[in-house]
Structures are given as structure tokens and as C-alpha cells.
Amino acid sequence: MKIILFSRAQIAHTPEEIRQLIGTIGAFGFDYAVNEEFAPLAEELTGIRIPPEKIYGQCTGKQPANSVMVCYGGDGTLLEGVRRLGGREIPVVGINSGHLGFLTIAPRDGFRRIFEAIRAGELKTEPRTMIEVSGLGRRNRPALAVNEVSVERQGPGMISVDTYVDGLLVATVHGDGIIVSTPTGSTAYSLSAGGPVVAPRCACLIIAPVAPHNLTMRPVVVPDGSTITLTIHARQADVNVTLDNVTRRIREGSTLTVRRSSRRFFLAVPHNISFYDTLRNKMMWGVDIRS
């Protein structure tokens, strides 16, 4: 059994937290690997030496079949950790040291319970849809995203996005941009743009305009077997494309193709806590704020 540990160096970890995390991994006898940004911070704060052969870079590379990735941080940390798996279907556990945390829902004081479940083979996971985006000019290789791909203006000018589903024109969206989201990403950027909350197991994708010029524009939910095509027009604005938390510039007139990926990621979920429990707890649904 191998633990692939991922965290960001800029997260305000305490020495005791890191010492407890690494110490618990060792106490259970797991092999482990640590990402190259986090390893020197862990050594500095705890004095625990991490051998070079246990440090990985921008990709985890090939790992044993019984590996588990443990991401320690917020949802953004987990998204970056999944990206480093490179599409490998390795279970991912999120330990929340952030704030809201829809994906990283395991508490930071629950290290031992998590590793007990891993050792006993009782880690409960559920498959989550990923999307792939073509047309970014990176050797024609599609890029993967867990939450969403967004096209957004940079600067004062409005942009227009011709939006097609399976070759049929949905609309030309005039405004700040557009988001194509997975069900997992429905509680992320898409939600702040007015998109619906979608249960993770729904077989759909969400198309949500960002600050549309036409106020009657609304998000659209389409089957996840659809092919979504976005053609970008921008006369007076630069345009960025963001996949989860990675942003790159794109040229005016570019066309992106978005579809469900054949690859999935497997998110660890706690026993006896449903998606709806998480919604109520994180978003305070049903809380009477009048008193």
C-alpha cells in the first residue's frame, strides 16, 4: 500500500500537523511519496528527512495498483493533486485544512481514522466525471478538468462565444464569458454564475453564461454524452481559458471542443455523510438566521 501525499507549500500548516500526518503514515507501515513543493517545507518544519526517491514532480508517474492519493489542503489543492495523477484512476482522499471544502471533507484531526480505513480496504469512493478540452494548441492533446472549463474576458471589452451542442447552435453568448461544468463542479464557479446545484452522479454537463449582456440568458443542462463547441470572438479584450485552477491565454477566433472524458477520478467520501448533508452543512441551508 502506498500513500501519494500532495499539499501546497503556501498553506499555513503547523509543524505539529505535518509531523502527525507523516508520522501516522509511518506508523501504519505505508510506503509514501511527497510532491516536490511540499517535501522541503515538511523537512524544514519537522526535521523529518524525505529521501529523494520518495519525491515526485509535476506528474506522479506510474504507481502501484493499491496506491491512494491524500491531498491536504482545500478543494483547490485536491484539484491540483488530481491533475498530477495524469488520468490514473487512483482513489483520492481530501483532508480539509481550508474553508468551504466540498471535495476535501475529511477533517484535519481525522488522520488515523482515514488511514485505518485505507489499511482495512474500507475506503468508500465514488467515481466522478471529468471533462476533456481540445483546441488549446498543446500538440492537439486534450486537457483534463475535474470541475469546469471557463472562457473569460480580460480587460474592458465584452466577448462573444458561439455555443453549440452536438452541432446545434444554442446561442451566441455576449458578456464576460461562459463555463462548462461537471456535476462535481456545480458547487464551484458555475454556482457563483447562477448555475444549478447538481448531484455528483447525474449524467450531465452544465453550460453557464458569465455576466451575460442579454439578461434572459440562463444556464443549460445537457446530457454528458454531448459534444460542446465554443468559438470565441473578442474585438477589444484578451481571452483566458481556465481549466479548474490553471489559466492560459487563447487567441481570438479559437474554437474549443468540450466533452466528457473516458477517464474518471475516484473521490473518497465519508461513511454516513451524503452529498445533501454536505450541502446543508457547507451552505447552511435551513438555518434560520433571523434569531
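Just above sits the structure.
Considerations on the nonpolar core
- Counting 29 residues, the largest nonpolar core has Val151 and Ile228 as its most contacted members.
- With four residues, strand 11 (residues 168-181) is the single largest residue contributor to this core.
- With residues near it in sequence (within four places) discarded, Ile228 still touches Tyr164, Val165, Val180, Leu205, Ile207, Val222, Leu256, Thr257 and Val258.
- Core analysis: the second largest hydrophobic core is formed by 25 residues, Ile25, Ile50, Tyr72 and Phe111 among them.

A few points about a nonpolar patch on the surface
- Among the surface-exposed residues, Met284, Val287 and Ile289 lie close enough to one another that they form a single nonpolar patch of about 350 Å² accessible area.
- The residue Met284 is located in the segment after helix 6 (275-283) in this model.
- A relative accessible area of 56% places Met284 in the exposed class.

Focus: helix 3 (residues 75-84)
- The element helix 3 is largely enclosed, with a buried count of eight among its 10 residues.
- Of the positions making up helix 3, those classed as buried are Asp75, Thr77, Leu78, Leu79, Glu80, Gly81, Val82 and Arg84.
- The first or second residue beyond helix 3 is Gly86, which carries a positive phi of 65°.

Quick look at helix 1 (residues 15-27)
- Given a rise of 1.5 Å per residue, 13 residues ought to cover 18 Å, and the 18 Å separating the end C-alpha atoms of helix 1 matches this to within 8%.
- For helix 1, the complete set of buried residues consists of Glu17, Ile18, Leu21, Ile22, Thr24 and Ile25. When helix 1 is viewed along its axis, its buried side chains cluster within an angular range of 155° and face the same direction.
- Elements that come into contact with the buried residues of helix 1 comprise strand 1 (2-7), strand 2 (31-35), helix 2 (38-46), strand 4 (67-73), strand 5 (92-96) and helix 4 (111-119).

Looking at the pattern of salt bridges
- Under the definition given, this model contains 12 salt bridges.
- We note a salt bridge from Glu116 to Arg112, for which the minimum N-O separation is 3.6 Å. One end of the pair is Glu116 and the other is Arg112, both in helix 4 and four residues apart, which spans about a single turn.
- The closest approach of N and O atoms between Arg201 and Glu126, which form a salt bridge, is 3.7 Å. Residue Arg201 is located in the loop between helix 5 (189-192) and strand 12 (204-212), and its partner Glu126 is located in strand 7 (residues 125-134); the two are separated by 75 residues in the primary sequence.
- Taken together, the shared-partner salt bridges connect Arg8, Glu37, Glu80 and Arg84 into one network.

Rules behind the numbers
- Numbers given for residues are sequential positions, taken from 1 along each chain in its written order.
- It should be noted that, the model being predicted, local features are given only for residues of pLDDT at least 70 and side-chain atom pairs only at 80 or more, the latter also being counted only at that level, while totals for whole chains, interfaces and linings use all residues.
- Side-chain figures throughout are based on the complete set of non-hydrogen atoms in the structure, without hydrogens or water.
- Think of a nonpolar core as a cluster: buried Ala, Val, Leu, Ile, Met, Phe, Trp, Tyr and Cys residues, connected wherever their side-chain atoms sit within 4.5 Å.
- Only protein chains enter the area calculation, which uses a 1.4 Å probe; residues under 20% of their type maximum are buried, those over 50% are exposed, and those in between are partly exposed.
- Here a strand is any run of E in DSSP of at least two residues, a helix any run of H or I of at least four, and the numbering for each starts at the N terminus.
- Residue contacts are defined here by distance: any two heavy atoms, one from each residue, within 4.5 Å place the two residues in contact.
- A patch consists of residues exposed above 30% relative accessible area that lack any salt bridge, with like charges linked at up to 9 Å and nonpolar side chains (Val, Leu, Ile, Met, Phe, Trp, Tyr) linked at up to 5 Å.
- Using a 1.4 Å probe, accessible areas were evaluated by the Shrake-Rupley method; residue-level cover was limited to the displayed protein chains.
- A pair is scored as a salt bridge if a Lys or Arg side-chain nitrogen falls within 4 Å of a carboxyl oxygen belonging to Asp or Glu.
- Any helix carries an expected span of 1.5 Å times its number of residues minus one.
- Arc definition: it is the arc formed by the directions from the helix axis to the C-beta atoms.

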